[in-house]
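Below, each chain spelled out in residue letters.
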Amino acid sequence: MTKIGMRRIVKWISCLATVYFAYSYMQRHRFTTATDDTGGTEAQYAVEKVFLESWQDYVAHAWGYDVFNAASGQGQNFGEKPLGWMIVDALDTMMLMQAHTKDVRHRLRLRREVARCEAWIRDELDYDMNTEVSVFETTIRMLGGLLSAHHLAETLGVGTPAVYAAKAEELGARLVPAFLASPVGIPYSSVNLRTGEAVKSMGIGEASLAEFTTLQLEFKQLAYVTGNATYWKLAEAVYKPFFRENDYPAAYDGIAPVGVLPDTGKFFTPAFKIGARGDSYYEYLLKQYLQTREPLYWKLYQTTMTGMAKHMIARSVPDDYLYIGERYGTLSGPFMPQMDHLVCFIGGLYAMAATEGVPLAKAEQQPWFDGDRALYWQIAEDVTYTCYRTYHETPTGLAAEISFFSVREDEAHDSWWESPSRNFFIKPTDVQNLQRPETVESIMYMWHLSGDSKYRQWNWEIFEAFRKNTAYYRPDGSLTYTSINSVVAEGQTTPRDNMESFWLAETLKYVYLTFVDDFDLSKVVFNTEAHPLPVLDPEELARRGLVTGWDL
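Procedures and definitions
- Residues numbered from 1 in each chain as written.
- Predicted model: local features only at pLDDT ≥ 70, side-chain atom pairs only at ≥ 80, totals over all residues.
- Heavy atoms only, no water.
- UniProt positions renumbered as here; feature names shortened; annotations may be inferred.
- Phe/Tyr/Trp six-rings, centres within 6.5 Å; stacked < 30°, edge-to-face > 60°.
- Lys NZ or Arg CZ within 6 Å of the ring centre and 35° of its normal.
- Helix = DSSP H or I, 4+ residues; strand = E, 2+ residues; numbered from the N terminus.
- Buried < 20%, exposed > 50% of the residue type's maximum accessible area, 1.4 Å probe, protein only.
- Contact = heavy atoms within 4.5 Å.
- Polar contact = N/O pair within 3.5 Å; in protein donor to acceptor, adjacent residues only side chain to side chain.
- 1 Å grid on protein atoms, 1.4 Å probe; cavity = no way out; pocket = protein on both sides within 12 Å on 5 of 7 lines; lining within 4 Å.
- Points joined across faces, edges and corners; volume = space filled by probe spheres on them.
- Nonpolar A, V, L, I, M, F, W, Y, C, P; charged D, E, K, R; others polar.
- Pairing = 2+ DSSP bridges.

Looking at an unreviewed UniProt entry, one finds the chain named alpha-1,2-Mannosidase and attributed to Eremothecium gossypii. Quoted verbatim from the Pathway (unreviewed entry) heading of the UniProt record, the comment on the chain is "Protein modification; protein glycosylation." According to its UniProt record, the chain has this under Sequence similarities (unreviewed entry): "Belongs to the glycosyl hydrolase 47 family."

What follows is the structure in structure tokens.
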């Protein structure tokens, strides 16, 4: 064979190899761009794939355990038995994906995993355990997850409703002693699931504002499902003591300190935050109104939003990024221009307040759409944009745990990371990313309520950053996803050896729903752990005697 002929064959083989490896790469990283032309189908497939990779790795290395140390491939429990922390929390994400996927193989895999989880809940989950649990975390994750699975099993036909209703009722009954231990009905922070012994938090025993006011969606739904009004009354009774004892909301413009003494209801810890320890108090005021249409909660929500605009909202320098800061001592006290990632849920909350879950164009035609609603929508747009920028500007494309916003043009912090736009900084102690959901949550709401394609593009960008930077290959080559130590580190990110249950329950769910075309936000209310609960009919609630039992 001539040299020319040999070169042609080598070139031909090289071309074939290039095509083969390109095809293989495309198959491994299928659908690396999302387009509106597909109605989100390609993006749905990609998110389903990452969910299934995350989930199957948990099944392989830590099935049944409550904590998944993903990088080391190990699991552990909080007490003597598993609570179902990962399984129950992730279940309704699987149900929703099974109902909406366009991929036959994914649908079959998801169906098998739902059946696996249901069998485990039915046959192995046992709440008769000598274990002290957080009332708040157990309610939002486990009780909320079971009630959501019950709702979706009924409406989507993807499970056995009775299995989830029975477990929810058992768990709810075991949490009740935490309410009864307090002289005024504000639950203690922990309870032993076997003995019913309720325990205050460490130190002075204060109750976190967010924790005892983020039980109501779940306990009201439990009352509806079981017919036991006690659950409704206990969850609702927590408000009256701290409203009465503190001349609240009038004396505080609706913004409450984050600490309350559970035996009296008096405020403690003069810190005003919409982030950690305060966030979901405001969330559940609006969401209770959306869930039951009780007008008291709409009135309270409006009061708190007026106070927030007056005391907590600010804009950065130089580009006017809207953010929500913190105050200490009094509402006129020192203002801290920092915002927890946790606060980024509030864009979606403002959007739902503006529209009540119907598209903005339709909401604007309703008689109830007024100047306040228009303002809520503007704030929703602005704060969601800010939260997106805390992702878009970092080297990894992922946001840090806390961002500190610029208040003057010449601001500088030698040891802090500075964003390219100079609108925010990140302290060295805040650079971690825990795969949190709040920003993608708000973007999901903004997409469904506005139809603006930029929101799909934003969540796709964030999803790709998660896929790139939180994927971790163990030494044996197996793939998992885990929290990371720094969003600003140059080069390879390092894992924190933990996959939070909310990665499966919230983050991937909210990204996924951004690419579902026909999801009606006026029919469900997501609890603070992203578990969808049904909107309840006020007339049916009245017939059952499930009505507001207090007033200002």
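> Tell me about the packing of aromatic side chains, and please be specific about residues and values.
For the structure on display, the rule yields 48 aromatic pairs. Taken together, F212, Y239, F242, F243, Y248, Y252, F267, F272, Y281, Y282, Y297 and W550 form an aromatic cluster joined through their ring pairs. Sitting over the ring of W63, R116 keeps its end group 5.5 Å from the ring centre. Here R293 stacks its cationic end above the ring of Y289, 5.0 Å away from the centre of that ring.

> I'd like a description of the UniProt feature "binding site: Ca(2+)" (unreviewed entry) in the chain, backed by residues and values.
Taking the UniProt record as the reference, the feature "binding site: Ca(2+)" (unreviewed entry) is found at T528. Note that T528 resides in the loop between β20 (524–526) and β21 (532–534). In this structure T528 comes out as buried when scored by relative accessible area, which is 18%. Ignoring sequence-local partners within four residues, the contact set of T528 consists of I140, T214, S280, E283, Y284 and E506. Side chain to side chain, T528 and E283 meet in a polar contact 2.9 Å long.

> Residue-level account of the UniProt feature "active site" (unreviewed entry) in the chain, with values.
As annotated in UniProt, the feature "active site" (unreviewed entry) corresponds to E137, D279, E401 and E438 in the numbering used here. Of the annotated positions mentioned, E137, D279 and E438 line the largest pocket. Counting through the fold element by element, E137 comes out in helix α5 (residues 135–156). Non-local contacts of E137, meaning those with residues more than four positions away in its chain, are made with W85 and M142. Structurally, E438 can be placed in helix α17 (residues 438–450). Note on E438: relative accessible area 9%, which makes it buried. Among all residues touching E438, those that are not within four sequence positions of it are H341, L342, C344 and F345.

> Describe empty space enclosed by the protein, with residues and values.
Counted by the stated rule, this structure contains three cavities of 30 Å³ or more. Estimated volume of the largest cavity: approximately 90 Å³. At the level of secondary structure, the elements contributing two or more residues to the lining of the largest cavity comprise α5, β6 (207–208) and α8 (209–212). Residue composition of the lining of the largest cavity, grouped by class: eight nonpolar, four polar and three charged.

> So what's going on with the pairing of strand β15 (residues 402–405)? Which residues, and what values?
In the case of a regular strand, side chains alternate between the two sheet surfaces. Side chains I402 and F404 project from β15 onto one buried face, and the interleaved S403 and F405 project onto a second face that is buried too. With three bridges connecting them, strand β14 (residues 338–340) and β15 associate as antiparallel partners. Looking at β15, one finds that D340 is bridged to I402. As paired strands, β15 and strand β17 (residues 424–426) are joined by two bridges and run antiparallel to one another. Across the sheet, F405 pairs through a bridge with F424, a residue of β17.

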